[in-house]
Amino acid sequence: MSWLSKVRNSLSSLNKRDTPDNLWIKCPSCGEMLFTQEFEANLSVCPRCEHHGRITAKARFEQILDAGFSVLPTPEVEENPLNFRDTKKYSDRLKAARAANPYPDALTNAFGTIEGHKAVLGVQDFKFMGGSMGMAVGEAFVAGVEKAIAQKCGYIICTAAGGARMQEGILSLMQMPKTTVATRRLAAAGLPYIVILTDPTTGGVTASYAMLGDVQIAEPGALIGFAGQRVIQDTIREKLPDGFQRAEYLHDHGMVDMVVHRKDLKGTLAQLLGYLERKEAQ
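(A) Seen up close, the layout of surface pockets. For the largest pocket, the calculated volume is near 370 Å³. Lining the largest pocket are 21 residues, with F39, S44, G53, R54 and I55 sitting closest to its centre. For the lining of the largest pocket, the secondary-structure elements that each account for two or more residues are β1 (24-26), α2 (36-41) and α3 (57-64). For the lining of the largest pocket, the residue count by class is eight nonpolar, seven polar and six charged.

Right under this line is the structure:
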């Protein structure tokens, strides 16, 4: 055995230092390699191109709500009501999604304050089956509205969804009128309903509660629409403009009230709540 082989074998016997798999993250917009820790400290916004990355419901609660908020229980609904199965059972897909996420479905509510203003905040997590809208999401939305009415405060929702959940068929589509009626109950109570459109917000969610806010806020660069751009182009047989269905384009064309950077979101919401929340008669 040569001396080189001896050295190689002796080195291979040493314990290698473990290196975390998630030490770096690549920005999907500009391709810059970023330290994950620094990226998350910057609210998951790329410091080079300002791309707003997708974040979890837990991170969203911590960024927007003051310390001391409480996560509300997710309403229980019948699982797999249509006994749906494709390559695997829908119930098995739900189990896998719950094992990979801290909350039991795509929409979770929390009650707390935003710079002292009481609010119920609902967050759709795209990591949970693409944030898809099913019966559990509809029930959670209504529960959030009811909590806001009971506390006489505004309801704020951060939307992120690929649309209705196909495994629940027509039952998922019925959540569109259900959530729409819930927003009317907020209006009747004189309470604000604020929508924060995050990337992506599409399909039946866009066609219902995502576009019914008293104020429509969007994060920079968020994809917002109903059908996909390719489907629309193939249908109307025309080329769509650059940036079509992005937050800035929708703001320029009156579909969104404001586009707000993530670092300014909490302050903006506090200001809006101050303007819109119901003032008790003296």
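(B) Local environment of the packing of α3 against helix α11 (residues 262-276). Relative to each other, α3 and α11 sit at 55 degrees, their axes nearing to 9 Å. On the basis of their axis angle, the class for α3 and α11 is oblique. Side by side, α3 and α11 meet where R60, Q63 and I64 of the first sit next to R262, L265, K266 and L269 of the second. Classifying every residue of the contact of α3 with α11 gives three nonpolar, one polar and three charged.

(C) Expanded view of the pairing of strand β7 (residues 193-201). Along β7, nine of the nine residues are buried, which leaves the element largely enclosed by surrounding structure. Alignment of strand β6 (residues 154-161) against β7, held across six bridges, turns out to be parallel. Each residue of the ladder has a partner; that of Y155, found in β7, is Y193. In this structure, β7 lies alongside strand β8 (residues 215-218), joined through four bridges in parallel fashion. Each bridged residue has a counterpart across the sheet, and for I196 the counterpart in β8 is I217.

(D) Spotlight on the pattern of salt bridges. Across all of its chains, the model carries 14 salt bridges by this definition. When the shortest N-O distance is used, the salt bridge between K263 and D264 registers 3.3 Å. Salt bridges sharing common partners tie together R54, D199 and R246.

Cut-offs and rules
- Residues numbered from 1 in each chain as written.
- Predicted model: local features only at pLDDT ≥ 70, side-chain atom pairs only at ≥ 80, totals over all residues.
- Heavy atoms only, no water.
- 1 Å grid on protein atoms, 1.4 Å probe; cavity = no way out; pocket = protein on both sides within 12 Å on 5 of 7 lines; lining within 4 Å.
- Points joined across faces, edges and corners; volume = space filled by probe spheres on them.
- Helix = DSSP H or I, 4+ residues; strand = E, 2+ residues; numbered from the N terminus.
- Nonpolar A, V, L, I, M, F, W, Y, C, P; charged D, E, K, R; others polar.
- Axes fitted to C-alpha atoms, helices over the stretch in contact; angles between N-to-C directions.
- Parallel < 35°, antiparallel > 145°, perpendicular 65-115°, else oblique.
- Contact = heavy atoms within 4.5 Å.
- Buried < 20%, exposed > 50% of the residue type's maximum accessible area, 1.4 Å probe, protein only.
- Pairing = 2+ DSSP bridges.
- Salt bridge = Lys/Arg side-chain N within 4 Å of Asp/Glu carboxyl O.

Limitation: the analysis is restricted to geometry and does not speak to function.
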